[in-house]
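Summary of the model geometry
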Amino acid sequence: MYSDKVMDHFQNPRNVGEIENASGIGTVGNAKCGDIMRIYFDIDENQVIRDVKFKTFGCGAAVATSSMATELVKGKTIYEALEVTNKAVMEALDGLPPVKVHCSLLAEEAIHAALWDYAEKNDIKIDGLQKPKSDIHEGEEEEEY
Ligand code: FES
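Given the structure is predicted, the values throughout are model-derived calculations rather than measurements. (Residues numbered from 1 in each chain as written. Predicted model: local features only at pLDDT ≥ 70, side-chain atom pairs only at ≥ 80, totals over all residues. Heavy atoms only, no water.)

1. What about the overall build of the chain?
Within the chain, the regular secondary structure consists of five helices and three strands. The C-alpha radius of gyration of the chain comes to 14 Å, within 12% of the 15 Å expected for a compact globule of 145 residues. Each principal axis of the C-alpha distribution contributes one length, and for the chain these read about 40 × 35 × 25 Å. For the chain, buried positions account for 48% of its 145 residues. When contacts within the chain are restricted to residue pairs at least 6 apart in sequence, those whose partners lie at least 24 apart make up 62%. Each charge class in the chain can be summarised by its mean position, and for the 15 positive and 27 negative side chains these summaries are 4 Å apart. (Helix = DSSP H or I, 4+ residues; strand = E, 2+ residues; numbered from the N terminus. Rg over C-alpha atoms; globule rule 2.2 N^0.38 Å. Buried < 20%, exposed > 50% of the residue type's maximum accessible area, 1.4 Å probe, protein only. Contact = heavy atoms within 4.5 Å. Lys, Arg positive; Asp, Glu negative; His and termini not counted. Charge placed at Lys NZ, Arg CZ, Asp CG, Glu CD.)

Following this line, the structure appears as structure tokens:
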């Protein structure tokens with residue numbers, strides 16, 4: 001059901017942990033399953049993400065996508081990081097089962113939330129960055145399930 005890459009990133013997640021005095025921190029939850037992801041960025045004076053760490057209290061797919069997302073943004077500029085979508089993360093992992101696609105949204109939203117936090121702390125505007133959601137289902141209609 002899961003690709004080898006998903007299993008690898010789930011069993012050996014990269015960049016797990018936290019960064020003290022991080023330049024930006026983003027936390028996003030998924031109220032439907034209760035999973036949460038937090039990402040920490042250390043961003044240098046050239047707006048390059050020098051280091052990144054994450055913690056995910058979530059399912060295997062959330063852990064694997066968070067791990068891959070950190071690998072994809074590390075060493076990138078904040079604008080390049082903004083381009084890292086959940087689709088790009090899933091492609092880098094050779095796909096996810098359809099029922100697990102929503103799990104990959106945690107990483108994308110958490111990246112945006114951390115960039116938003118960085119922009120606020122430094123009083124700058126990041127073009128193309130929308131105010132992130134604190135929950136990936138925020139703004140959706142209430143569904144029965
Ligand atoms: Fe909650 Fe995967 S089931 S993020």
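Now that the structure has been shown, the text picks up again.
2. Quick look at the sheet that holds strand E3 (residues 49–57)
The antiparallel open sheet is built from three strands, whose spatial order is E1-E2-E3. The open sheet has two edge strands with one neighbour each: strand E1 (24–30) and E3. Going across the sheet, the axis of each strand differs from the next one's by a mean of 15°, ignoring polarity. With seven bridges joining them, E1 and strand E2 (residues 35–43) adopt antiparallel strand pairing. Residue Asn30 lies in a different strand from E2, and its bridge partner there is Asp35. Contacting E2 and E3, helix H2 (residues 60–73) crosses the sheet at an angle of about 175° to E3. Sheet contacts for helix H5 (residues 104–122): E1 and E2; angle to E1, the most-contacted strand, approximately 145°. (Pairing = 2+ DSSP bridges. Axes fitted to C-alpha atoms, helices over the stretch in contact; angles between N-to-C directions.)

3. Description of the pattern of salt bridges
Counted by the stated rule, this structure contains nine salt bridges. For the salt bridge of Asp94 with Lys5, the shortest nitrogen-to-oxygen distance reads 3.7 Å. With Asp94 in the loop between helix H4 (86–92) and H5 and Lys5 in helix H1 (residues 4–11), this residue pair connects regions lying 89 residues apart in the sequence. Residue classification places Asp94 among the exposed positions, given a relative accessible area of 51%. The salt bridge partner of Asp117 is Lys121, with a shortest N-O separation of 3.0 Å. Remark: Lys121 and Asp117 occur in helix H5; sequence separation between them is four residues, near one turn of the helix. (Salt bridge = Lys/Arg side-chain N within 4 Å of Asp/Glu carboxyl O.)

4. Describing the packing of H1 against H2
Packing of H1 against H2 leaves a shortest axis separation of 8 Å and a crossing angle of 90°. By the criterion of interaxial angle, the relationship of H1 to H2 is roughly perpendicular. Here H1 contributes Val6, His9 and Phe10 to the contact with H2, which in turn contributes Gly60, Val63, Ala64, Ser67, Met68 and Glu71. Classifying every residue of the contact of H1 with H2 gives five nonpolar, three polar and one charged. (Parallel < 35°, antiparallel > 145°, perpendicular 65-115°, else oblique. Nonpolar A, V, L, I, M, F, W, Y, C, P; charged D, E, K, R; others polar.)

5. Observations concerning the pairing of E2
The buried fraction of E2 amounts to seven of the nine residues, a majority that puts the element mostly inside the structure. Remark: four residues form the turn of the hairpin made by E1 and E2, two consecutive strands paired antiparallel; Gly34 in that turn has positive phi of roughly 85°. Of the pairings in the sheet, the one linking E2 to E3 comprises eight bridges and is antiparallel in character. Each residue of the ladder has a partner; that of Ile43, found in E3, is Ile49. Between E2 and E3, which pair antiparallel and follow one another directly, the connecting turn spans five residues, one of which, Gln47, has a positive phi of 65°.

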